[in-house]
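# Examination of the molecular architecture
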Amino acid sequence: YSNFIDDLRVYVRGGTGGMGYPNLGGEGGRGGDVWFVARERTTLKSIREKYPQKRFVAGTGANSSVKALKGEKGKDCEVHVPLGISVLDGDGKQIGELNAAGERFLAARGGLGGSLATNFLPCKGQRRTVHLDLKLIADVGLVGFPNAGKSSLLSKISHAKPEIANYAFTTIQPELGKIMYKDYKQISVADLPGLIEGAHANKGMGHKFLKHVERTKQLLLVVDISGFQLSIKTQFRTAFETILLLTKELELYKEELITKPALLAINKMDLPCAKDNLDELMTQLENPQDFLHLVEEEMIPANTLEFREVIPISTYTGEGIEELKTCIRKSIDEQAEQVNEEYRKKKLLLLQASK
């Protein structure tokens, strides 16, 4: 993933409590806690660079004394982490999640200070190794096989400058861009590394790609109208087969991904025969059941994606780009309105129940 880091293993330890004062029944201060705090413009890479040891230890509680029978609590250790972090324990079980700026997670609790209950001896703080697993949060996630033109599309619709070349795996790290509209509305778009057949089984970039799709609000499938072939050793896939395969990979990884709102961008409309291929593809998409016999049974997804819009584009000539931006905006606004409506209904039901 070159410079992009989406998984970091760190050691956290709560502070040891302070000593108690047996003669006067004094109580030592509690050890400090280690907190993960979500903050914007933070990356796992910056954490690794700033703390190469990847150890976070909170302060020790103050000892009880004649002047202060109740010792002060040790200093807390706060670690700023990016939004979209899942905290996993040593066994890979998720123990916390941080999605919004300011959210906090207690990673390691400080030990109790010495008191009568502990024979005035302090307790050690909690210690463990945890994994910080990042899943990019974006409004729209670009999904497609290598060379479909996702990076070119991102550079056309946003200010992002991803690396673009004519070989299969140009994108080796996720790229984030923002579409800026005239009314100052911004929509974030993530260009994620290209899928290949078998990605659900962790082939290629497999799970490194697919886990980032989970946190996007909507999907934008980008498909080459002329079809796709990864190499001379692999089978050629038509645009229709490509859509089925992409759907199948998403479904096999996590079924909920298929329920996300989706748009379809048919790219490379500047190529010869593109118009004929598009007519054929639109016929297939209108009645997919009639054409499933053309593909292998294992390629057929249990549920097909329902696209809100199908937009023919060309990142080379710029055809359809403005229409695509308009469709993305419309789809995001409709989804937001739907979420607000559901929230209002829920609130109304709670009010009625309380009465």
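Just above, that's the structure.
Residues numbered from 1 in each chain as written. Predicted model: local features only at pLDDT ≥ 70, side-chain atom pairs only at ≥ 80, totals over all residues. Heavy atoms only, no water.

Let us now look at the overall build of the protein. In terms of helices and strands, the protein carries six helices and 14 strands. What you see for the protein is a C-alpha radius of gyration of 26 Å, clearly larger than the 20 Å of a compact globule of 355 residues, by over 25%. Referenced to the eigenvectors of the C-alpha coordinate spread, the extents of the protein come out at roughly 95 × 60 × 40 Å. The proportion of buried residues among the 355 residues of the protein is 47%. Of the contacts formed within the protein by residues at least 6 apart in sequence, a portion of 72% connects residues at least 24 apart. (Helix = DSSP H or I, 4+ residues; strand = E, 2+ residues; numbered from the N terminus. Rg over C-alpha atoms; globule rule 2.2 N^0.38 Å. Buried < 20%, exposed > 50% of the residue type's maximum accessible area, 1.4 Å probe, protein only. Contact = heavy atoms within 4.5 Å.)

The sheet built from five strands is open, its strands ordered E3-E1-E8-E5-E6 with mixed pairing. With partners counted over all chains shown, the strands left at the sheet margins are strand E3 (55-57) and strand E6 (94-98), one partner each. Going across the sheet, the axis of each strand differs from the next one's by a mean of 25°, ignoring polarity. As judged from the four bridges shared by strand E5 (residues 85-88) and strand E8 (residues 127-134), these two strands associate in the antiparallel manner. Pairing of Leu88 across the sheet is with His131, part of E8. (Pairing = 2+ DSSP bridges. Axes fitted to C-alpha atoms, helices over the stretch in contact; angles between N-to-C directions.)

A separate point is the packing of helix H2 (residues 150-157) against helix H6 (residues 321-354). At a minimum axis distance of 11 Å, the contact between H2 and H6 shows a crossing angle of 80°. Regarding the angle of H2 to H6, the classification is roughly perpendicular. Facing Leu153, Lys156 and Ile157 of H2, the residues of H6 in contact are Ile321, Leu324 and Lys325. Its residues placed into classes, the contact of H2 with H6 shows four nonpolar, no polar and two charged. (Parallel < 35°, antiparallel > 145°, perpendicular 65-115°, else oblique. Nonpolar A, V, L, I, M, F, W, Y, C, P; charged D, E, K, R; others polar.)

Our next topic: the pairing of strand E11 (residues 186-191). Burial runs high along E11: five of the six residues are buried. In terms of strand pairing, strand E10 (residues 175-180) meets E11 through six bridges, oriented antiparallel. Bridging from a neighbouring strand, Leu176 pairs with Ala190 of E11.

It is the contact of helix H4 (residues 239-253) with helix H5 (residues 274-286), at a shortest axis distance of 9 Å, that shows an interaxial angle of 40°. Viewed along their axes, H4 and H5 adopt a mutual orientation that is oblique. Where H4 abuts H5, its residues Ala239, Phe240 and Ile243 lie against Leu281, Gln284 and Leu285.

Once that is clear, we can look at the nonpolar core. Counting 59 residues, the largest nonpolar core has Val34, Phe36 and Leu132 as the members making the most contacts within it. With seven residues, the single largest contributor to this core is H4. Among the domains, domain 1 (7-134) and domain 2 (138-339) are the pair contributing at least three residues each to this core. Ignoring sequence-local partners within four residues, the contact set of Phe36 consists of Val10, Val12, Val79, Val81, Val87, Leu98, Glu103, Arg104, Phe105, Ala107, Val130 and Leu132. (Core = buried A, V, L, I, M, F, W, Y, C linked by side-chain atoms within 4.5 Å. Domains from an automatic or database assignment.)

We now examine H5. Relative to the 18 Å expected for 13 residues at 1.5 Å per residue, H5 spans 18 Å between its end C-alpha atoms, a close match to the ideal helical length. Packed against the buried residues of H5 are H4, strand E13 (262-267) and strand E14 (307-312). (Expected span 1.5 Å × (residues − 1).)

Okay, the side chain of Thr216 next. Here Thr216 shows up in the loop between helix H3 (206-213) and strand E12 (218-224). Assessed through its relative accessible area of 2%, Thr216 is described here as buried. In this structure the side chain of Thr216 is engaged in a polar contact, spanning 2.8 Å, whose partner is the backbone oxygen of Val213. For Thr216, the contacting residues outside a window of four places in its chain are Leu136, Ala138, Asp139, Val140, Gly141 and Lys260. (Polar contact = N/O pair within 3.5 Å; in protein donor to acceptor, adjacent residues only side chain to side chain.)

On to the environment of Arg344. As for its placement among the helices and strands, Arg344 is situated in helix H6. Classification of Arg344 as partly exposed rests on a relative accessible area of 42%. Looking at Arg344, its side chain comes within polar contact range of the side chain of Glu341, at 2.7 Å.

Sheet topology note: the E13/E14 ladder contains four bridges and is parallel. Considered in E14, the bridge of Ala265 is made with Ile311. Read from E13 through H5 to E14, the crossover connection turns out right-handed. (Right-handed = clockwise from strand over helix to strand, strands pointing away.)

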